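One-letter residues, chain by chain:
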Amino acid sequence: MTINIEYESETKLDIPYKEIITAAIEESMDYEGCPYEAEVNVLITDNEDIRQINKEFRNIDSPTDVLSFPMVDYESPSDFDHLEDMANDYFSPETGELLLGDIVISVDKVMEQAEKYGHSESREMAFLVAHSMLHLFGYDHMEEDERLVMEQKQEEILSRRGYVR
């Protein structure tokens, strides 16, 4: 598995963010039963940069906590059955890994939301990564039933790694 982590914020987190991100990605992969080695790119930035990305890609001119940019089009969430039929679209020619996509996280929001929700920055970072990984697997939360499914999966992924409130 390849996990590329870029830290582009002057605000520094006092947590082992690389280990947390790696653990949340690995647990999400296991939880969803991904049968492939995969590549995920993670960018940690600040509120201003994520606001600009949010505006460019979602036409929303405000900072957000996390953005997900999936590379795979699933017939249904975590349906890996037909991906090999489109290997040129979804797998790296160099490594053979499934190109899941990109995650962008605001370090400012990690700190703000950890305080707001009364849990650790480690738990907030793990939550945002697990949430985003579910998006990379094709889940969404636009409808109430979808939101409930995602929330249950996020909590199970986090609890399996000990990131509880």
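A short tour of the structure in this document, coming up. A quick note: this is a predicted structure, and the numbers were derived from the prediction, not measured. (Residues numbered from 1 in each chain as written. Predicted model: local features only at pLDDT ≥ 70, side-chain atom pairs only at ≥ 80, totals over all residues. Heavy atoms only, no water.)

### A look at the overall build of the protein chain
Turning to step 1, where the next piece is worked out: A tally of helices and strands in the protein chain yields six helices and four strands.
Turning to step 2, where the next piece is worked out: Traced from its N-terminal end to its C-terminal end, the protein chain shows the element sequence β-α-β-α-β-α-β-α-α-α.
Turning to step 3, where the next piece is worked out: Relative to the compact-globule value of 15 Å for 165 residues, the protein chain shows a C-alpha radius of gyration of 15 Å, a close match.
Turning to step 4, where the next piece is worked out: The buried share of the protein chain, reckoned over its 165 residues, is 47%.
Turning to step 5, where the next piece is worked out: Here the contacts in the protein chain between residues at least 6 apart in sequence split such that 71% fall between residues at least 24 apart.
Turning to step 6, where the next piece is worked out: Taking the average location of the 13 positive side-chain charges in the protein chain and that of its 40 negative ones, the two points are 8 Å from each other. (Helix = DSSP H or I, 4+ residues; strand = E, 2+ residues; numbered from the N terminus. Rg over C-alpha atoms; globule rule 2.2 N^0.38 Å. Buried < 20%, exposed > 50% of the residue type's maximum accessible area, 1.4 Å probe, protein only. Contact = heavy atoms within 4.5 Å. Lys, Arg positive; Asp, Glu negative; His and termini not counted. Charge placed at Lys NZ, Arg CZ, Asp CG, Glu CD.)

### Thoughts on the sheet that holds strand E2 (residues 38-45)
Turning to step 1, where the next piece is worked out: The strand order across the open sheet formed by four strands is E1-E2-E4-E3, and the pairing between neighbours is mixed. One side of each edge strand has no neighbouring strand; the edge strands of this open sheet are strand E1 (2-7) and strand E3 (66-70). This sheet shows a mean twist of 15 degrees between the axes of neighbouring strands, independent of strand direction.
Turning to step 2, where the next piece is worked out: Helix H4 (residues 107-117) rests against E1, E2 and strand E4 (98-106) of the sheet, and its axis sits at about 65 degrees to E4.
Turning to step 3, where the next piece is worked out: Packing of helix H5 (residues 121-136) onto the sheet brings it into contact with E2, E3 and E4, and relative to E4 it is tilted by some 140 degrees. (Pairing = 2+ DSSP bridges. Axes fitted to C-alpha atoms, helices over the stretch in contact; angles between N-to-C directions.)

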